[in-house]
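A structural walkthrough
Letter by letter, the chains look like this.
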Amino acid sequence: ALPKPPRRNRGACQTSFGKMDGLLPPTKPRKPPRPVSQPPHLTFCLPQAPRPAERENLETELPNQRPEITEPSCLLSVCLPGCPNPTATLSAPSSPKEPHQHRLYSDINIEDVVDSRSEDDDYEVHMEGLKRRSTKDSKPINWQTEFKGEPLYQTYRQTIILKEIKCQTAEAASSQTDSEYESITSIPEEFSSSGWGSNPQLPRNTLWQNLRTVRESGVLGTMSGEERKLQESMFEVLTSEASYLKSLNVLVDHFENSKELNETIILRDKEILFSSINRVKDVSERFLEDMEARVEESVRISDVCDIIHHHAQKYFQIYINYVRNQLYQEQKYSHLMESNSHFAAVIVRLQELPDCQRLPLMSFLLLPFQRITRIKMLIENILQKTKEGSTNEENATKALGVVSKIIDECSAEVGKMKQMEELIDIAKKLEFDKLKAIPIISQARYLEKRGEITEISQRGNLFGMKPKSVALYLFLFNDLLLITSRKSADRYLVMDHAHRSMVEVHSCNQSSERQNCFLLTLIENHQGKQLERLVKVHTQSDLQRWLDALPAHKLHSSESFSDEKIYEQWDCPQVQCLVAYTAQQADELSLEPADLVNVTRKTPEGWYEGTKLSTGKKGWFPSTQVREITDEHVRRRNLRDRSRLLRAAQELQRKHRPKEKKRNVVSL
């Protein structure tokens, strides 16, 4: 006999296949939910629970759309296991570019969903109108054709760095022509040996003045040189974003979606390696679309900083999430290259293909942080060319403030992750033999300086006193000093320790016997005793850096070393970075090519101490990575440009201060 057809209302875990084969016992149909007469409660349908690192910023990654409230009779049930059945659900509209993602709503009121309307809504309505409006006088720009020859972002970044370095020479300062915007097509000989690449010719970037609509309009003949420079600065935001998106597409299509590569690693390793790069790519596409719509609005670009400000507030938070995982990303890549021979072979083969122009995978993975820092520089260039007191200046200042805050948060996240990893690594290498072990890993602790020193003591016998040298290794934290001796290459024996506030240093008379020496005093060590040690370091710069790092020391000008040069802020020399430098210790300064630094101190060993103009951060760096700006006109121009940015920021704060006072009065 034929089996009975399956019931229409069967259990949730019972399939029609099992029912027909008799594998599962028949179950009663589940009763439909009773109709709800009360107002619907807002609950949400999520395909999967987001990870904690993604949850806090997932709302800002998706477009700002109002959810539609459906009737209770046609509502869906929650798909999460272990959750009670809701009486009503609210489905979030998905982005056309993100069909697989759902917007996460939290603590939202129905009145806010229906009635609220912010400035962001007005902005998006305006941008949608620009995209839908058809131009009668001229055809819309075919951006795919215009940007077909646009270089990858790595090439663009290399080109722009060389251009900025070239602009710091006396020749660039004296010639203020339109050729300033022409891309550099050759690499100077002085950089050819500094890792700038083997390709002597760099492709050109698309210029605003070369657009067909601009040439046919005849507007170039009616514009001054300064106006044209402003247009080119704003258009560079668009062209650089096109290059950036082009590189992101290579990363996703050529590397992440490679079937050959996916067969060599597990899914978890792939998630760590590529992180949230797809959401970063979606943010870039949305940003580029708004920029293209603004350029199509008129031959003259009215403004772009308002677009940057809007996207930085709503979408650029994804950069913080991506950079937060960057340390684990780099560690996972190094581990896979060392332990997985199949993965390493596939990576090498993929990097040799013309799709990625033989650029390494890591150069693509580092793009997001490089892009957000470049956007800040582009805003600064626009602000320096914008008329003071104008609306465009206010928009540029707002955008600069938001982007700078994002960069600071990115740097802070990277710093926290590196500090914790450093503490874990140090804790594994320490041995407390006869001393009571103390915990090293702490959320509030970070390493400030570490290094090898030599303790000099006097040892007496029947024939007189002899100096004795003992090699020590110091770990200086923000709240703790560890004095250790090296047992092996990666093992240290703790000999003494003291709280940071119980440590003092004093410089010694720099005689021939006590050259590069200082007194290290522990007011209270781990035994509650006071000890004083005479220690020596290798170089004069090491001595100065230890004296600056340890507390209770103030070096007066009369105590400065004869070979050391100290400058005041008003007459300090200025240098520009040529080769990137990554800080090895907490008192050092990380530099990128084209960074400008005011030097306040020079040591004979070739170390400089200075302040970076773009961030105001202070630290030490080797002189081999920089070149001094000898032209006084260029130096004054750099200081003047920096002063313009500070002045605009102060003016914006002054304008918003009365509004804050009024808001406080109303709240009272």
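All residue numbers refer to positions counted from 1 along the written sequence of the respective chain. Where local features are concerned, this predicted model is filtered to residues with pLDDT of at least 70; where side-chain atom pairs are given and counted, the filter is 80 or more; whole-chain, interface and lining totals use all residues. Heavy atoms throughout the structure, all of them, feed into the side-chain values; hydrogens and water do not.

1. A closer look at the overall build of the protein
Convention followed: Only DSSP runs of H or I covering at least 4 residues are called helices, and only runs of E covering at least 2 are called strands; the numbering of each starts at the N terminus. Using a 1.4 Å probe on the protein chains alone, a residue whose accessible area is under 20% of its type maximum counts as buried, one over 50% counts as exposed, and one in between counts as partly exposed. By definition, residues are in contact when any of their heavy atoms lie within 4.5 Å. Accessibility throughout is a Shrake-Rupley quantity obtained with a 1.4 Å probe, and a residue counts as covered only by protein chains that appear here.
Each helix and strand in the protein was counted, giving 22 helices and 14 strands. Counting every position in the protein, which comprises 668 residues, the buried fraction comes to 44%. Pairs at least 24 apart in sequence give 66% of the contacts found in the protein among residues at least 6 apart. Here the protein displays about 37,200 Å² of accessible surface, and carbon together with sulfur accounts for 51% of that area.

2. Describing helix H14 (residues 305–314)
Within H14, 8 of the 10 residues are buried, leaving the element largely enclosed by the surrounding structure. What H14 keeps buried is the set Cys305, Ile307, Ile308, His309, His310, His311, Ala312 and Lys314.

3. Considerations on the confidence of the model for the protein
Stated formally: Note: pLDDT gives the predictor's confidence per residue, expressed from 0 to 100.
Averaged over every residue, the pLDDT of the protein is 75; the share at 70 or more is 66%. Low pLDDT, under 50, characterises residues 8–25; the predicted model gives this stretch 20 contacts beyond four residues in sequence or across chains. The model gives residues 134–138 a pLDDT under 50, and that stretch makes 0 contacts with residues more than four places away or in other chains.

4. Some words on helix H13 (residues 277–297)
Convention followed: Expected helix span is given by 1.5 Å per residue-to-residue step, counting one fewer step than there are residues.
The end-to-end C-alpha distance of H13, which contains 21 residues, comes to 31 Å, matching closely the 30 Å that a straight helix rising 1.5 Å per residue would cover. The element H13 is largely enclosed, with a buried count of 17 among its 21 residues.

5. Re the pattern of salt bridges
Applied cut-off: Just to be clear on terms, a salt bridge is a Lys or Arg side-chain nitrogen sitting within 4 Å of an Asp or Glu carboxyl oxygen.
Taken as a whole, this structure holds 29 salt bridges when the rule is applied. Of the charged contacts, one joins Asp306 and Arg294 as a salt bridge, the two residues approaching to 3.1 Å between their closest N and O atoms. Here Asp306 is found in helix H14, whereas its partner Arg294 is found in helix H13, with 12 residues between them in sequence. The partly exposed category is assigned to Asp306, whose relative accessible area is 23%. Look at Arg294 and you get buried, because its relative accessible area is 5%. For Asp496, the salt bridge identified is with Arg533, shortest N-O distance 3.9 Å. Placement of Asp496 in strand E5 (residues 492–499) and of Arg533 in strand E8 (residues 531–536) is noted, with a sequence separation of 37 residues between them. The buried category is assigned to Arg533, whose relative accessible area is 12%. The network of salt bridges with shared partners includes Lys449, Arg545, Asp587 and Glu588.

6. Regarding the packing of helix H7 (residues 153–167) against helix H19 (residues 367–385)
Basically, it comes down to this: Helix axes are fitted to C-alpha atoms over the stretch in contact, other axes to C-alpha atoms as well, and angles between N-to-C directions run from 0 to 180 degrees. Each angle receives one of four descriptions, namely roughly parallel if under 35 degrees, roughly antiparallel if over 145, roughly perpendicular if within 65 to 115, and oblique otherwise. A clockwise turn of the near helix away from the far one marks a right-handed crossing, whereas an anticlockwise turn of less than a right angle marks a left-handed crossing. Note on residue classes: Ala, Val, Leu, Ile, Met, Phe, Trp, Tyr, Cys and Pro are nonpolar, Asp, Glu, Lys and Arg are charged, and everything else, Gly too, is polar.
The interhelical angle for the contact between H7 and H19, taken along N-to-C directions, is 40 degrees, at an axis separation of 12 Å. The pairing of H7 with H19 is recorded here as oblique in orientation. H19 is crossed by H7, and the crossing has left-handed handedness. Facing Tyr153, Gln154, Tyr156, Arg157, Ile160 and Glu164 of H7, the residues of H19 in contact are Leu367, Gln370, Arg371, Arg374 and Leu378. Of the residues that constitute the contact of H7 with H19, the class distribution is 5 nonpolar, 2 polar and 4 charged.

7. Examining the nonpolar core
A general tendency of soluble globular proteins is for nonpolar side chains to be buried together. This is how it is decided: We define the nonpolar core as a collection of buried residues of types Ala, Val, Leu, Ile, Met, Phe, Trp, Tyr and Cys that are connected through side-chain atoms lying within 4.5 Å of one another. The split of the chain into domains comes from an automatic or database domain assignment.
Counting 81 residues, the largest nonpolar core has Phe274, Phe316, Phe364 and Ile379 as the members making the most contacts within it. If you tally residues by element for this core, the top one is helix H10 (residues 225–256), at 13 residues. For this core, the domains that each give at least three residues are domain 1 (140–169 + 203–425) and domain 3 (565–654). Residues in contact with Phe274, not counting those within four places in the same chain, are Leu251, Phe255, Glu256, Leu261, Tyr322, Gln329, Leu361 and Leu365. The next biggest cluster of nonpolar side chains, apart from the first, holds 19 residues, and it includes Leu472, Leu476, Ile483 and Ala498.

8. Quick word on the packing of aromatic side chains
Rules: Two rings from Phe, Tyr or Trp (for Trp, the six-membered ring) form a pair when their centres sit within 6.5 Å of each other. Planes less than 30 degrees apart are called stacked, planes more than 60 degrees apart edge-to-face, and all others tilted. The rule for a charge over a ring is simple: NZ of Lys or CZ of Arg within 6 Å of the ring centre, and within 35 degrees of the ring normal.
Evaluation of the coordinates by the stated rule reveals 11 aromatic pairs. Summarising the aromatic geometry, the rings of Phe316 and Tyr319 are spaced 5.5 Å apart at their centres and angled 90 degrees between planes, so their arrangement reads as edge-to-face. A residue is classified by how much of its surface remains accessible, and Phe316, at 1% relative accessible area, is buried. Their ring planes at 80 degrees and their centres at 6.0 Å tell us that Tyr608 and Phe621 sit as a pair that is edge-to-face. Here Tyr608 is found in strand E12 (residues 607–612), whereas its partner Phe621 is found in strand E13 (residues 618–622), with 13 residues between them in sequence. Taken individually, Tyr608 and Phe621 each receive the classification buried, so the pair is uniform in this respect. When the ring centre of Tyr315 is taken as reference, the NZ or CZ atom of Arg286 above it lies at 4.5 Å.

9. Focus: the packing of H10 against H13
If you want to describe how two helices pack, look at the angle between their axes and the distance between the axes. For the pair H10 and H13, the least separation of the axes is 9 Å and the interaxial angle reads 150 degrees. Viewed along their axes, H10 and H13 adopt a mutual orientation that is roughly antiparallel. H10 and H13 meet at a crossing whose hand is left-handed. Split into classes, the residues belonging to the contact of H10 with H13 amount to 16 nonpolar, 3 polar and 5 charged.

10. Overview of unusual backbone geometry
The backbone of Arg358 shows a phi angle near 60 degrees, a positive value even though the residue is not glycine. Relative to the assigned elements, Arg358 resides in the loop between helix H17 (341–351) and helix H18 (361–365). Given a relative accessible area of 62%, Arg358 falls into the exposed group.

11. Regarding the pairing of strand E4 (residues 480–486)
As a reminder of what qualifies: DSSP-based pairing: two strands are paired if at least 2 bridges between them are found.
The buried count for E4 comes to 6 of 7 residues, which makes it a mostly enclosed element. Counting the residues that bridge the hairpin from E4 to E5 gives 5 residues.

12. Quick notes on the pairing of strand E7 (residues 517–522)
Side chains on a regular strand alternate between the two faces of the sheet. The buried fraction of E7 amounts to 5 of the 6 residues, a majority that puts the element mostly inside the structure. Here strand E6 (residues 503–507) runs beside E7; their pairing, made up of 5 bridges, is antiparallel. Looking at the pairing, Val503 lines up with Leu522 of E7. Bridge count between E7 and E8: 6 bridges; the pairing is antiparallel. Considered in E8, the bridge of Thr521 is made with Glu532.

13. Focus on the environment of Asn598
Worth spelling out the cut-off: Here a polar contact is taken to be a pair of N or O atoms separated by no more than 3.5 Å, where protein atoms must pair a possible hydrogen donor with a possible acceptor and residues adjacent in sequence count only if both atoms sit in side chains.
Along the polypeptide, Asn598 turns up in strand E11 (residues 596–602). A residue is classified by how much of its surface remains accessible, and Asn598, at 11% relative accessible area, is buried. Separated by 25 residues in sequence, Asn598 and Pro573 have C-alpha atoms that sit 6.0 Å apart. The contacts of Asn598, once residues within four sequence positions are left out, are Cys572, Pro573, Gln574, Glu609, Gly610, Thr611, Leu613 and Leu639. Of the polar contacts made by the side chain of Asn598, one reaches the side chain of Gln574; its length is 3.2 Å.

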